[in-house]
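Descriptive analysis of the structure
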Amino acid sequence: METLRLIIDWASVLAIPTIILLFIGYGGYKKIPVYEVFVEGAKEGFEVGVKIIPYLVAMLMAIAMFRASGMLDILTWLASPVTNLIGMAPELLPMALMRPLSGSGSLGVMSELMKTFGPDSLIGFTASTMFGSTETTFYVLAVYFGSVGVRKTRYAAPAGLLADAAGLITAVLICQLWF
Amino acid sequence: MLNHIWFWMIMLSLFVAAGTDIYNEITAPPPMETAGEELSLNKRTKLGQLSDAALESAQTGVNISLGLIGIMALWLGIMKVAEEAGFIKILARMVAPITRRLFPEIPEDHPSIGAMLMNIAANMLGLSNAATPLGLKAMEELQKLNPDKETASNSMITFLVINTSAITLIPASAIAIRASLGSVNPQQIIVPSIIAATMATIVGLTTVKLIQKFEKRKKRTEGEA
C-alpha cells in the first residue's frame, strides 16, 4: 500500500515534466519551429475560454437556483425509501445528489459530513469515496459541449447521470463491506 | 434532454422556494420589531436567496471561463507542437486496439485519439488543471469529424461518459480534506474510489453502446421501410 502510494505520488509529480520533455523534445528532434508552433496553438486558448461562458452561465444559474431553493431537502426526503433499501445512511443523500451538480457544493457537503461524523466514520469514509470516484457531470457537459458549440447533447446527460448513480451506489456498498 | 433537465430544475426551484416562503410567512411570521438587526426580506426569504444565487452564478461562470484561458493556452500550445511533430499519431496508434471498439467512427491515427488519451491519463493522475484543456482539445478534434456541428456525435458522448466517470488513481482533494480533519488513514479511500469509478465507467460505457446499437438498428429498419 505504501509503495503503491509512493509510485502514484511520483507519477503525478513527474507527469508534466515528462510530457513537456517528450512533446517539445520530439518537436525539436523533428526540426519543427517549436516556438512558433506553440504560440499558434496557444492562440486558441482565449477563444475557447470565451466560447464556454454562455454554456457555463446557463448551467451554473440552474444549479445555483436549485441549491438555494431547498430542493435538495425535498429530493432527500423523496429518495429516502429507496436508499434505505441498500442500507445507505440518509445523511449521505445530499452528497450523492449534489455530486453531479457542483464540485464546490459537494466539496462543502463532504467536509461538513466529515466534521460532524468524523473522517474515519462510515459516513465520512463513504462521502469521501463518493467525492473521489465521480466527476461533476453537469460541469463537464456544459464546458465540453460548450467549447465546440454543440447544443443538442442527445443522450449524453442521462448516460452520464446513470454512470454517476452506478458509481455512487457502488461507493456506498463497497464502503459498507470495507468498514 | 438537457433542455428538459434545465427547464425543470429552474421551474421546480422557483416553486419550491415560493412554497417554502408562503408556508413560513403563514405559520411563523417574523416579529415586526426584533432586538438585533432584522434580516432584510431579500436575505430572509428563499426567493431572495434564490435570486442572489442566480445572479452570483453568472459571475462565477465568467470567472471559471477566464481562469481557464491561461492553462488552456499552455496545453493547446504543447499539443500543437506534438501534433505537428507527429507524436500524437504515435500515441494514437499505440491504443488503436481499444479505440477501434470504443470509437468506430474515428480513423485510427486521428489526432482526437491522442488528445483523448492524454485527457484520460491526466484525469487518472489527478491533474485536473491539465485534464480540462486536453479534453477540450479532444472535443475540438471530434467536432471536425462531426457531420452535424450542433448535435453531439456518438464519439463525443462516449468520450464524455468516460470522462465524467473518470477513474482517478489519487483522489487528491478528498484525501487532503480527510487529512486536514484528522483522519488516521486519509488515503484509505483510494481503492474503494477506484472500484466505484470503474463500476461507473462500465455502466456508462454499456449504456452508451446499447443506445448506439439501438439507434443504428432503428435507422436501418427505417431505411428499409
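Please read all numbers here as calculations on a predicted model, not as lab measurements. Here the residue index of a chain counts from 1 through its sequence in written order. Following the order in which they are written, the chains are lettered starting with A and the ligands numbered starting with 1. Only residues with pLDDT of at least 70 get local features here, since the model is predicted, and only at 80 or more are side-chain atom pairs given and counted; chain-wide, interface and lining totals rely on the full set of residues. Derived side-chain values reflect all non-hydrogen atoms in the structure, with water molecules and hydrogen atoms excluded from consideration.

Turning our eyes to something else, we now look at the overall build of chain B. A helix here means a DSSP run of H or I that spans at least four residues, while a strand means a run of E at least two residues long, and both kinds are numbered starting from the N terminus. Tallying secondary structure elements over chain B gives 10 helices and zero strands in all. Shown N-terminal to C-terminal, the secondary structure of chain B runs as helices and strands in the order α-α-α-α-α-α-α-α-α-α. With the radius of gyration taken over C-alpha atoms, the globule rule is written as 2.2 Å times the number of residues to the power 0.38. Relative to its length of 225 residues, chain B is extended, with a C-alpha radius of gyration of 24 Å against a globular reference of 17 Å. Taken along the three principal axes of its C-alpha coordinates, chain B extends 75 × 60 × 35 Å.

If a probe as big as a water molecule is rolled over the atoms, it shows which places are left empty. For cavity detection a 1 Å grid was placed over the protein atoms alone, and a set of points counts as a cavity when a 1.4 Å probe fits there but cannot get out; an open set counts as a pocket when protein lies on both sides within 12 Å along at least five of seven lines, with lining residues being those that have an atom within 4 Å of a point. Grid points are joined across faces, edges and corners, and a volume is the space filled by probe spheres set on the points. Approximately 1200 Å³ is the volume found for the largest pocket. Around the largest pocket sit 40 residues that line it, and A:Gly103, A:Ser104, A:Glu135, A:Thr136 and A:Tyr139 are the ones nearest its centre. Of all the elements, helix α3 (residues 46–85) of chain B adds the most residues to the lining of the largest pocket, at six residues. Amino acids are sorted into nonpolar (Ala, Val, Leu, Ile, Met, Phe, Trp, Tyr, Cys and Pro), charged (Asp, Glu, Lys and Arg) and polar (every other residue, Gly among them). Looking at the lining of the largest pocket residue by residue, the classes come out as 19 nonpolar, 17 polar and four charged.

All names here are of chain A. Non-glycine residue Lys31 carries a positive phi angle of around 60°. Of note, Lys31 is situated in the loop between α1 (2–29) and α2 (34–42). With a 1.4 Å probe rolled over the protein chains alone, any residue whose accessible area is under 20% of its type maximum counts as buried; one over 50% counts as exposed, and the rest are partly exposed. A relative accessible area of 73% places Lys31 in the exposed class. Notably, Arg154 is not glycine yet its phi reads approximately 50°, a positive angle. Among the secondary structure elements, Arg154 is positioned in the loop between α9 (137–147) and α10 (156–178). Residue classification places Arg154 among the partly exposed residues on the basis of a relative accessible area of 27%.

UniProt positions are given in the numbering used here, feature names are shortened, and annotations may be inferred rather than shown by experiment. The UniProt entry lists residues 66–174 of chain B under the feature "domain: Nucleoside transporter/FeoB GTPase Gate" (unreviewed entry), expressed in the numbering used here. Taken end to end, residues 66–174 of chain B is 74% helix and 0% strand, and its first and last C-alpha atoms sit 25 Å apart.

One frequent convention defines the size of an interface as the accessible area lost when the parts assemble. Contact between two residues is taken to exist if any of their heavy atoms lie within 4.5 Å; hydrogens are not considered. In this complex, chain B contributes 102 residues to the contact, which on the side of chain A involves 96 residues. Buried area between chain B and chain A, both sides added, is near 8500 Å², and the carbon and sulfur share of it is 77%. Salt bridge, as applied in this entry: a Lys or Arg side-chain nitrogen positioned within 4 Å of an Asp or Glu carboxyl oxygen. Summed over the shared surface of chain B and chain A, the result is four salt bridges. As a salt-bridge pair, A:Lys152 and B:Glu150 come within 3.9 Å of each other at their nearest N and O atoms. In the analysis that follows, any N or O atom pair within 3.5 Å is treated as a polar contact, provided that within protein one partner can donate a hydrogen and the other can accept it, and provided that, for residues neighboring in sequence, both atoms belong to side chains. Applying the counting rule to chain B against chain A returns 20 residue pairs in polar contact (both at pLDDT 80 or more). When contributions to the side of chain B that touches chain A are tallied by element, the ones reaching two or more residues are α1 (2–27), α3, α4 (87–94), α6 (111–124), α7 (128–145), α8 (154–164), α9 (172–180) and α10 (190–224) of chain B. The element that contributes the greatest number of residues to the side of chain B that touches chain A is α3(B), accounting for 27 residues. Accessible surface is computed with a 1.4 Å probe, and the buried area is the amount of it that two parts give up when combined, taken over both parts together.

To continue, consider the UniProt feature "transmembrane region" (unreviewed entry) in chain A. Residue and element names in this part refer to chain A. The positions UniProt marks with the feature "transmembrane region" (unreviewed entry) are residues 7–28, 48–66, 78–102, 122–145 and 157–178. Its end C-alpha atoms 27 Å apart, residues 48–66 is made of 95% helix and 0% strand. This span, residues 157–178, is 100% helix and 0% strand, and a straight line between its end C-alpha atoms measures 31 Å.

Domain delimitation in this document rests on an assignment produced automatically or drawn from a domain database. Along its sequence, chain A is organised into domain 1 (1–42) and domain 2 (47–178). A C-alpha centroid distance of 32 Å is found between domain 1 of chain A and domain 2 of chain A.

It is worth spelling out the nonpolar core at this point. Residues A:Phe23, A:Met130, A:Phe145 and B:Met139 are the most contacted members of the largest nonpolar core, which totals 108 residues. Among the elements that take part in this core, α3(B) stands out by supplying 12 residues, more than any other. Ignoring anything within four residues of it in the chain, the contact list for A:Phe145 reads A:Val140, A:Val150, A:Thr153, A:Ala156, B:Met139, B:Ala152, B:Met156, B:Ile157 and B:Leu160. Nonpolar cores are built from buried Ala, Val, Leu, Ile, Met, Phe, Trp, Tyr and Cys residues. Side-chain atoms within 4.5 Å join them into one set.

Attention now goes to the UniProt feature "transmembrane region" (unreviewed entry) in chain B. Residues and elements named next belong to chain B. According to UniProt, the "transmembrane region" (unreviewed entry) feature falls on residues 6–23, 60–78, 157–177 and 189–211. The span residues 6–23 shows a helical share of 100% and a strand share of 0%, and its end C-alpha atoms are spaced 26 Å apart. For the annotated span residues 60–78, helix accounts for 100% and strand for 0% of the residues, and the straight-line distance between the end C-alpha atoms is 28 Å.

Moving on to the environment of B:Ser51. All names here are of chain B. Relative to the helices and strands, Ser51 is located in helix α3. Under the relative-accessibility criterion, Ser51 is labelled partly exposed at 34%. Once the C-alpha coordinates of Ser51 and Val62 are considered, the two residues, 11 residues apart in sequence, prove to be 18 Å apart. Polar contacts involving the side chain of Ser51 include one to the main-chain carbonyl oxygen of Leu47, which spans 2.7 Å.

The next thing to look at is a positive patch on the surface. Residues and elements named next belong to chain B. Each patch is assembled from residues with relative accessible area greater than 30% and no salt bridge, linking like charges that lie within 9 Å and nonpolar side chains (Val, Leu, Ile, Met, Phe, Trp, Tyr) that lie within 5 Å. Per-residue and other accessible areas were derived by the Shrake-Rupley procedure at a 1.4 Å probe size, with only the shown protein chains allowed to occlude residues. The positive count covers Lys and Arg only, the negative count covers Asp and Glu only, and His and the chain ends enter neither. Where a charge lies is defined by one atom per residue type, namely NZ (Lys), CZ (Arg), CG (Asp) and CD (Glu). Judged by side-chain charge, Lys213, Lys216, Arg217 and Arg220 come together as a positively charged surface patch. Mapped onto the elements of the fold, Arg220 is located in helix α10. The exposed category is assigned to Arg220, whose relative accessible area is 52%.

Quick look at the pattern of salt bridges now. If you walk through the whole model with that rule in mind, you get 11 salt bridges over all chains. Between A:Arg154 and B:Glu215 there is a salt bridge, and its shortest N-O distance comes to 2.6 Å. Placement of A:Arg154 in the loop between α9 and α10 and of B:Glu215 in helix α10 is noted, with the two residues assigned to different chains. The partner of B:Lys43 in a salt bridge is B:Asp52, with the nearest N and O atoms 4.0 Å apart. Residue classification places B:Asp52 among the partly exposed residues on the basis of a relative accessible area of 29%. What emerges from the salt-bridge pattern is a single network uniting B:Glu83, B:Lys137, B:Glu141 and B:Lys144.

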